[in-house]
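A closer look at the structure
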Amino acid sequence: MRHPVFAANWKMNQAPADAKAFLKQFMASYPRQQDRQVLFFPPALSVSVVVDATKDRPDIAVGVQNIHWEDAGAFTGETSAPMSRAAGARFVLVGHSERRHVFGETEEQTSLKVAAAFRAGLVPMICVGETLAQRESGDTNAVIIRQLRAALATLAPNQVANCMVAYEPVWAIGTGKTATPDDAATAHRALRLELKGLTNDREEAVPILYGGSVNRGNAGVLLAAGDVDGLLVGGASLEADGWSGLVRT
Ligand code: PEP
C-alpha cells in the first residue's frame, strides 16, 4: 500500500530565517514516521535551509515551486531544474493554478517544464484543476484530463509512472471552499483511469493528491475519499504546530 503524501506549498512565504525557525519547531514535534511522506515546497531562496534541516529524515523531502524549461541561459529571474536539483530539491510543482492563472503559464509550457524536470532528475508534481465556470458547465473532467495529457505529452509510460499528480480545483485554492469528498473522488477516479493508458497499466504507482483549502478539520475526510493518496496544502502548512498536527491525520 502506498503511504499518504502530505505536501506543503509555502508559496511566497517563509524567508530563510523563517524557514529555519519553522523547521526547528516542526522537527521537534514530528519524529520520523514510517507510514507517510512529507514534502516541503519552499520559495527558492529557502530551499537550502529546508534541505539542510531535513537531511537526516528520509520521510521528508524538498521540492521547488517552479522551474524554467531551459537548463541554463539568459533568463533573468528564473531558476532551472539542474540548479534546483543541485540545491537538494527532488520534486517540482508544475502547472500550479497560480502559475497558470496569475502568470499565464500555458499547457505547452507545463509540458516543457515536465521534460526539463526529468532531464534533471526532479519528480514533477503536475497540478490540474478546473475553474468555477468550468465546473458549473460540466467540464471538470474534460479540463483536468486535457491538462494532464498536455503536461505528460513528452513522457514515456515508465516516466509517467514516476510522476505525482495533484487535483486542485481553482475555486478551492485559498478560498476556504473545498471539494466534497465525493467530488474529489470523482475527479481522482477520472485522473486514475487516464493514467492507466499513459502508464501502460501502472496507474496505481502515481500518487494523486487533493489540494484546495485543506486544513486540520477537513484533512481526514478528504484523505479517506476514493483515489486520494495525499494532500497538497498551502495556507494550513505555514504554521509549524498546525502542520505537524495535519500531517498526523
Ligand atoms: C495550494 O497552494 O496548492 C493550495 C492548495 O493552497 P490552499 O491550501 O491555501 O488552498
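Scope of this entry: the structure provided in the associated data block. Keep in mind that this is a model prediction, so the values were computed, not measured.

1. Let's talk about the site of the ligand
With respect to spatial proximity, 14 residues lie near the ligand, and among them Lys11, Glu168, Gly174, Ser213 and Gly234 are the closest. Within the backbone of serine 213, one N or O atom sits 2.8 Å away from an oxygen atom of the ligand. Coverage of the ligand by the protein amounts to 95% of the 290 Å² it exposes when considered alone. The cavity that encloses the ligand is the second largest pocket. Looking at the shell around the ligand, its residues break down into 4 nonpolar, 8 polar and 2 charged.

2. Structural notes on the layout of surface pockets
Of the voids in this model, the largest pocket is the one considered here, and its volume is about 540 Å³. Lining the largest pocket are 21 residues, with Pro43, Ala44, Gln65, Asn66 and Arg99 sitting closest to its centre. The class makeup of the residues in the lining of the largest pocket is 9 nonpolar, 8 polar and 4 charged. Taken as a whole, the second largest pocket holds about 170 Å³ of empty space.

3. A short note on the environment of tryptophan 69
By the element assignment, tryptophan 69 lies in the loop between β3 (60-64) and α3 (81-86). In this structure tryptophan 69 comes out as partly exposed when scored by relative accessible area, which is 25%. Between the alpha carbons of tryptophan 69 and alanine 115 there is a distance of 7.6 Å; along the sequence they are 46 residues apart. Aside from chain neighbours lying at most four places away, what touches tryptophan 69 is Gln109, Leu112, Lys113, Ala116 and Arg119.

4. Things to note about the pairing of strand β2 (residues 37-41)
With 4 of 5 residues buried, β2 is to be regarded as a mostly interior element. Relative to β2, strand β1 (residues 5-9) is paired through 5 bridges, and the arrangement is parallel. Within the sheet, the bridge partner assigned to alanine 7 lies in β2 and is leucine 39. Where β2 and β3 come together, 3 bridges link them in parallel fashion. Looking at the pairing, valine 38 lines up with isoleucine 60 of β3. Crossover β2 to β3 through helix α2 (residues 47-53) is right-handed.

5. Regarding the packing of aromatic side chains
Scanning the entire structure with this criterion turns up 8 aromatic pairs. Taken together, Trp10, Phe22, Phe26, Tyr30, Phe40 and Trp243 form an aromatic cluster joined through their ring pairs. Over the ring of phenylalanine 103 we find arginine 99; its NZ or CZ atom is 4.2 Å from the centre of that ring.

6. Thoughts on unusual backbone geometry
Phi is mostly negative for residues that are not glycine, and the peptide bonds are mostly trans. At glutamine 14, a residue that is not glycine, the phi angle is positive and equals roughly 75 degrees. Within the secondary structure, glutamine 14 is located in the loop between β1 and α1 (16-29).

7. A few points about empty space enclosed by the protein
Considering all chains together, one arrives at 1 cavity of 30 Å³ or more under this definition. Considered as a void within the structure, the largest cavity measures approximately 40 Å³ in volume. Forming the boundary of the largest cavity are Gly95, His96, Ser97, Arg100, Cys127, Val128, Gly129, Gln147 and Glu168. Elements supplying a minimum of two residues to the lining of the largest cavity: α4 (97-101) and β5 (123-128).

8. Some thoughts on the sheet that holds strand β6 (residues 164-167)
Read around the closed barrel, the 8 strands follow the order β1-β2-β3-β4-β5-β6-β7-β8; overall the barrel is parallel. Taken over all neighbouring pairs, the strand axes of this sheet differ in orientation by 25 degrees on average, direction set aside. Running at roughly 155 degrees to β5, helix α7 (residues 140-151) makes contact with β5 and β6 of the sheet.

Rules used in this analysis
Residues numbered from 1 in each chain as written. Predicted model: local features only at pLDDT ≥ 70, side-chain atom pairs only at ≥ 80, totals over all residues. Heavy atoms only, no water. Near = heavy atom within 4 Å. Polar contact = N/O pair within 3.5 Å; in protein donor to acceptor, adjacent residues only side chain to side chain. Areas by Shrake-Rupley, 256 points an atom, 1.4 Å probe, with all protein chains shown as cover. 1 Å grid on protein atoms, 1.4 Å probe; cavity = no way out; pocket = protein on both sides within 12 Å on 5 of 7 lines; lining within 4 Å. Sits in = over half its atoms within 2 Å of the grid points. Nonpolar A, V, L, I, M, F, W, Y, C, P; charged D, E, K, R; others polar. Points joined across faces, edges and corners; volume = space filled by probe spheres on them. Helix = DSSP H or I, 4+ residues; strand = E, 2+ residues; numbered from the N terminus. Buried < 20%, exposed > 50% of the residue type's maximum accessible area, 1.4 Å probe, protein only. Contact = heavy atoms within 4.5 Å. Pairing = 2+ DSSP bridges. Right-handed = clockwise from strand over helix to strand, strands pointing away. Phe/Tyr/Trp six-rings, centres within 6.5 Å; stacked < 30°, edge-to-face > 60°. Lys NZ or Arg CZ within 6 Å of the ring centre and 35° of its normal. Axes fitted to C-alpha atoms, helices over the stretch in contact; angles between N-to-C directions.

So yeah, pure geometry; function would need other evidence.
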